[in-house]
Amino acid sequence: MTLSRRKFLQTTAAASVFTILPRKVLGAMNTGVPGANKYVAPSDQITKGLIGTGGIGMSSNHFTSDDKYRLVAVCDVDRNHLDRAVKAGEARFGEKLQAYSDWRELVADPNVDVVHIATPSHWHGIMSVTAARAGKDIFCEKPMTRTIAEGEKVVEEVGRHGRIFRLNTWFRFKDTFYGLGTTVEPLKKLVDSGVLGWPLTVRISGATGFAWKFYWTGKENLIPEPVPAELDYDMWLGPAPYKPYNPHRVHGTFRGYWDYESGGLGDMGQHYIDPVQYILGKDDTYPVKVEVDAPQQHPDAVGTWRSITYTYEDGCRIILEGEGYESKGKVPYIEGPLGKVYKGFECTIPNVMDLIAELPDPTPRHTDYLECVRTRQHFALDEKIGHHSCTVVNLGACALRLGRTLEFDPKTCRFIGDDAANLLLRQPMRAPWESYIF
């Protein structure tokens, strides 16, 4: 079944009485959040629908189901992936999952409370906005959006419809941060204390594990091949420009093409940059300058790069170190005029752990997504914070594609004096998909 936008809006409008209010017996809860769901079901069970059953969607962290968070529907444009997910649901959960090949039908399903988006990132913005308008809460994989304008629209529509959004990168609030041997909280306490001085420079290098997926690059001059019978390639492309099918363009290797993502920067960048935004207290602003050291990029296939440097208005910097930095020796992760922090929390400040133990803890945050869905409280990494760190990723992608330094105005969210760069903020989409978001 293929849905036009008009038909989809009619379908979701008819179902909205069920999706904006939980499906079961309703209990009142006045949240005080304009436009938010003002009722929660007395049952603890929340249902989810999963869009994208490739590597991420089928991972052990996400292809899960239990009494509190029940998987009820799956969607994929690859029939083999979809069949595999349905069989896995029966084998693992004893659940007959509803299967969709068109994600709009899953979003319109009144049995789905939360839409989990595990697709290539050129779909994230459209699906998030559509789910919000349909009264669904959203769990979105990183990067949050492929362009800055799409992120702005997600923030607008999620807020307008009072939905609960979670971006799935978690290092700002739990788990040992890549390569550093510590969670983010002690680093946040140390930075907030001022003992390192100001401004600070943060280096995200091979020493912190950033090289893990750095070489997600594309291939130039792909040879067109027949589209496999099991794949709806036109729907896979969706809003992206039409390019002849080649297996390297889809599934796991899609990340190597600008139309869908931005290589290792897009795949892993938000994992690393988002905690740094938090550590530096930059969740409500953006860099003012982006500098790149990289070969000229191909217009289709993402290439490698040597470094990307972001500078904030107060002089703080984030330096992403890429090709050629893998064996540069010992470099500080955080460096200020009064001290440095290295991998393993080695620090030039004497007795640093004793100092940290005496410092006040950061402000508590809501890190239980299901509880946020029930109580309508913002998740610790919601659409606004996620958009800010994703914008940092996308600023780097714009500078890489153009091969030059860009200056950015955090207030207007426009590049200064660079028309070509501003064209990358909102990129054209194939019909009819632009009408689903803008």
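What you are looking at is a predicted structure, and each value in this text was computed from that prediction instead of being measured.

So, how was this worked out
- Residues numbered from 1 in each chain as written.
- Predicted model: local features only at pLDDT ≥ 70, side-chain atom pairs only at ≥ 80, totals over all residues.
- Heavy atoms only, no water.
- 1 Å grid on protein atoms, 1.4 Å probe; cavity = no way out; pocket = protein on both sides within 12 Å on 5 of 7 lines; lining within 4 Å.
- Points joined across faces, edges and corners; volume = space filled by probe spheres on them.
- Helix = DSSP H or I, 4+ residues; strand = E, 2+ residues; numbered from the N terminus.
- Nonpolar A, V, L, I, M, F, W, Y, C, P; charged D, E, K, R; others polar.
- Pairing = 2+ DSSP bridges.
- Contact = heavy atoms within 4.5 Å.
- Axes fitted to C-alpha atoms, helices over the stretch in contact; angles between N-to-C directions.
- Core = buried A, V, L, I, M, F, W, Y, C linked by side-chain atoms within 4.5 Å.
- Buried < 20%, exposed > 50% of the residue type's maximum accessible area, 1.4 Å probe, protein only.
- Salt bridge = Lys/Arg side-chain N within 4 Å of Asp/Glu carboxyl O.
- Expected span 1.5 Å × (residues − 1).
- Polar contact = N/O pair within 3.5 Å; in protein donor to acceptor, adjacent residues only side chain to side chain.

Chemist: Any chance you could explain the layout of surface pockets here in plain terms?
Modeler: To locate leftover empty space, one rolls a probe as large as a water molecule over the atoms. Quantified by volume, the largest pocket comes out at close to 490 Å³. Lining the largest pocket are 30 residues, with Gly52, Ala118, Thr119, Pro120 and Phe254 positioned closest to its centre. Of all the secondary-structure elements, those providing two or more residues to the lining of the largest pocket are α4 (124–133) and α7 (233–237). In the lining of the largest pocket, the residues fall into 13 nonpolar, 11 polar and 6 charged. Within this model, the second largest pocket holds a volume of roughly 420 Å³. Elements represented by at least two residues in the lining of the second largest pocket include exactly β8 (165–168) and α10 (369–375). Partitioned by chemical class, the residues of the lining of the second largest pocket number 5 nonpolar, 7 polar and 6 charged.

Chemist: Help me out: how do you make sense of the sheet that holds strand β15 (residues 346–347) in this one?
Modeler: Whenever strands of a sheet pair, they do so through backbone hydrogen bonds, lying parallel or antiparallel. The 9 strands lie next to each other as β15-β14-β13-β9-β12-β11-β10-β16-β17, forming an open sheet whose pairing is mixed. Looking at the sheet topology across the chains shown, the edges are occupied by β15 and β17 (414–415). By the bridge criterion, 5 bridges tie strand β10 (residues 289–293) to strand β11 (residues 307–311) in an arrangement that is antiparallel. In the sheet register, Val290 faces β11, and the bridge partner there is Tyr310. Packing of helix α8 (residues 263–280) onto the sheet brings it into contact with β9 (201–204), β11, β12 (317–321) and β13 (334–336), and relative to β9 it is tilted by some 155 degrees.

Chemist: I tried to follow the nonpolar core on my own but got confused; where do I start?
Modeler: As a rule of thumb, soluble globular proteins bury nonpolar side chains together. Judged by nonpolar contacts, the single largest core of 115 residues is most densely connected at Trp103, Ile204, Tyr310, Leu320 and Ile334. Looking at which element gives the most residues to this core, the answer is helix α11 (residues 383–402), with 9 residues. If near-sequence neighbours (up to four positions away) are discounted, Trp103 is found in contact with Ile51, Cys75, Trp123, Ile126, Met127, Thr130, Met235, Trp433 and Tyr436. Counting 11 residues, the second-largest nonpolar core is a separate cluster that includes Leu71, Val74, Ala88 and Leu97.

Chemist: Quick question: what am I supposed to make of the sheet that holds β8 here?
Modeler: The 6 strands are arranged β5-β4-β3-β6-β7-β8 in an open sheet whose pairing can be described as parallel. The sheet terminates laterally at β5 (98–100) and β8, the two strands that pair on one side only. Strand-to-strand twist in this sheet, taken as the mean axis angle between neighbours without regard to direction, amounts to 25 degrees. Across 4 bridges, strand β7 (residues 137–141) lies against β8 in parallel orientation. From the neighbouring strand, Cys140 faces β8, where its bridge partner is Leu167.

Chemist: I'm lost on the pattern of salt bridges in this one. Help?
Modeler: It is possible for side chains of opposite charge to pair when their charged atoms get near one another. Under the definition given, this model contains 31 salt bridges. By sharing partners, the salt bridges in this structure join Arg133, Lys153, Glu156, Glu157 and Arg160 into a single network.

Chemist: Please clarify how the packing of helix α6 (residues 184–193) against α8 should be interpreted in this entry.
Modeler: In helix packing, the relevant descriptors are the interaxial angle and the interaxial distance, both defined with respect to the helix axes. It is the contact of α6 with α8, at a shortest axis distance of 8 Å, that shows an interaxial angle of 35 degrees. For the pair α6 and α8, the contacting residues are Val184, Leu187, Lys188, Val191 and Asp192 in the first and Pro275, Tyr278 and Ile279 in the second. Residues that form the contact of α6 with α8 fall into these classes: 6 nonpolar, no polar and 2 charged.

Chemist: Looking at this structure, how should I read the environment of Pro350?
Modeler: Tracing the backbone through its elements, the reader meets Pro350 in the loop between β15 and α9 (352–358). On the accessibility criterion, Pro350 (65% relative accessible area) is exposed. Pro350 sits 11 residues away from Gly339 along the chain, and the two C-alpha atoms are 9.8 Å apart.

Chemist: How should α11 be read in this particular structure?
Modeler: Along an α-helix, residues three or four apart share an orientation, since each turn contains 3.6 residues. Given a rise of 1.5 Å per residue, 20 residues ought to cover 28 Å, and the 28 Å separating the end C-alpha atoms of α11 matches this to within 8%. Most of α11 sits inside the fold, with 17 of its 20 residues counted as buried. The N-cap of α11, judged by a side-chain oxygen 3.2 Å from the amide nitrogen of Lys384 a few residues on, is Asp382. Of the residues one or two after α11, Gly403 is the one with positive phi, at around 70 degrees.

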